[in-house]
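This is what each chain is made of:
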Amino acid sequence: MMARRKLVYEGKAKILYEGPEPGTFVQYFKDDATAFNAEKKAVIEGKGVLNNRLSEYFMIGLQSIGIPTHFIKRLNMREQLIRQAEIVPLEVIVRNYAAGTMAKRMGMDEGTQLPRPVVEFSYKDDSLGDPLVPEEYIAAFGWASQQEMDDIVSLALRVNDWMSGVMYGVGIKLIDFKIEVGRVWDNDFPRLILADEISPDSCRLWDIETGQKLDKDVFRRDLGDLADAYTEVAKRLGVLPSNVTHAPTKPTLIN
Ligand code: C5P
């Protein structure tokens, strides 16, 4: 099935193929894990399957509260059909608690609750290590207009509210996450949509009771089995694909 598809772009964790119709792509989730700008690499069996399902779950949920996304439908275990969009070259990061680069930069303890959610932008460029950039740069270099930046902040905060609530409901604290947005053109008017993926690769998720990390930090910091952590998130949300469960299946009664 994959061999017939024309490759459009290969990233660190995903591949884009030409879609079946104009204006679509097929997004394939790899098992590859990278950290520290691909200095650390591994293949984590099952990660792609889990992220495909989890990203589907989040995108559908966000669509249900009126957030436009590039997600059209899941095609199979590792692939989803998405709408083509012109990617804004920014990593949009939302933080509820200090962690990662913010904790380091500000000398804060990881897990310190922030007075309010904070949205920040990094310029998407691996060769530069995705540097944090002020809005001035974004406007000056024409990556996004001021109006678009305001819209991106609103969208990011809506995603944060929904994601935080869903995670809280399954005993998980949403520490921070990254999204990417794209432009689609309706007639001559650009409109922003949520693109890329939302998965434990791009979020920090801590168990509320124990503080256990259930995200890519498990890989970055060698804290255990990454697939186990993602499986735990998928299980709690009820989105675990049936053929990665090891639970015995019962015969189903057909009426
Ligand atoms: O590394 P940092 O603390 O800035 O990351 C903030 C959040 O954004 C984390 O959840 C991390 O997984 C995510 N992120 C990402 N891709 C990047 C940088 C950060 O998904 N290139």
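Residues numbered from 1 in each chain as written. Predicted model: local features only at pLDDT ≥ 70, side-chain atom pairs only at ≥ 80, totals over all residues. Heavy atoms only, no water.

**Observations regarding the packing of aromatic side chains**
Right, on to step 1. Following the criterion strictly, the structure yields 4 aromatic pairs and no others.
Right, on to step 2. For the pair Tyr57 and Phe58, a centre-to-centre distance of 5.7 Å together with 70 degrees between the ring planes defines the contact as edge-to-face.
Right, on to step 3. Judged by relative accessible area, which is 28%, Tyr57 ranks as partly exposed.
Right, on to step 4. Given the relative accessible area of 2%, Phe58 is considered buried.
Right, on to step 5. Following the ring pairs from residue to residue traces out a cluster consisting of Tyr123, Tyr137, Phe141 and Trp143.
Right, on to step 6. Cation over ring: Lys40 sits above Phe219, and NZ or CZ is 5.0 Å from the ring centre.
Right, on to step 7. Here Lys213 stacks its cationic end above the ring of Trp206, 4.6 Å away from the centre of that ring. (Phe/Tyr/Trp six-rings, centres within 6.5 Å; stacked < 30°, edge-to-face > 60°. Buried < 20%, exposed > 50% of the residue type's maximum accessible area, 1.4 Å probe, protein only. Lys NZ or Arg CZ within 6 Å of the ring centre and 35° of its normal.)

**Brief notes about a negative patch on the surface**
Right, on to step 1. A surface patch of negative charge is lined by Glu135, Glu136, Asp150 and Asp151.
Right, on to step 2. On the secondary structure map, Asp151 appears in helix 4 (residues 146-169).
Right, on to step 3. Judged by relative accessible area, which is 36%, Asp151 ranks as partly exposed. (Patch = residues over 30% accessible without salt bridge, like charges linked within 9 Å, V, L, I, M, F, W, Y side chains within 5 Å. Areas by Shrake-Rupley, 256 points an atom, 1.4 Å probe, with all protein chains shown as cover. Salt bridge = Lys/Arg side-chain N within 4 Å of Asp/Glu carboxyl O. Lys, Arg positive; Asp, Glu negative; His and termini not counted. Charge placed at Lys NZ, Arg CZ, Asp CG, Glu CD. Helix = DSSP H or I, 4+ residues; strand = E, 2+ residues; numbered from the N terminus.)

**Examining the site of the ligand**
Right, on to step 1. Among the 15 residues in the neighbourhood of the ligand, the closest are listed as Glu91, Arg95, Thr101, Asp176 and Arg204.
Right, on to step 2. At 2.6 Å, a side-chain N or O of Glu91 approaches a nitrogen atom of the ligand.
Right, on to step 3. Contacts to the ligand include Arg95, whose side-chain N or O atom sits 2.8 Å from an oxygen atom.
Right, on to step 4. In isolation the ligand has 450 Å² of accessible area, and contact with the protein removes 82% of it. (Near = heavy atom within 4 Å. Polar contact = N/O pair within 3.5 Å; in protein donor to acceptor, adjacent residues only side chain to side chain.)

**Side note on the sheet that holds strand 3 (residues 24-29)**
Right, on to step 1. The antiparallel open sheet is built from 5 strands, whose spatial order is 1-2-3-7-6. Every other strand in the sheet has two partners, leaving strand 1 (7-10) and strand 6 (71-74) as the edge strands with one partner each. Within the sheet, the average angular offset between the axes of one strand and its neighbour, ignoring direction, is 25 degrees.
Right, on to step 2. Bridge count for strand 3 against strand 7 (residues 79-83) is 5 bridges, and the pairing is antiparallel. (Pairing = 2+ DSSP bridges. Axes fitted to C-alpha atoms, helices over the stretch in contact; angles between N-to-C directions.)

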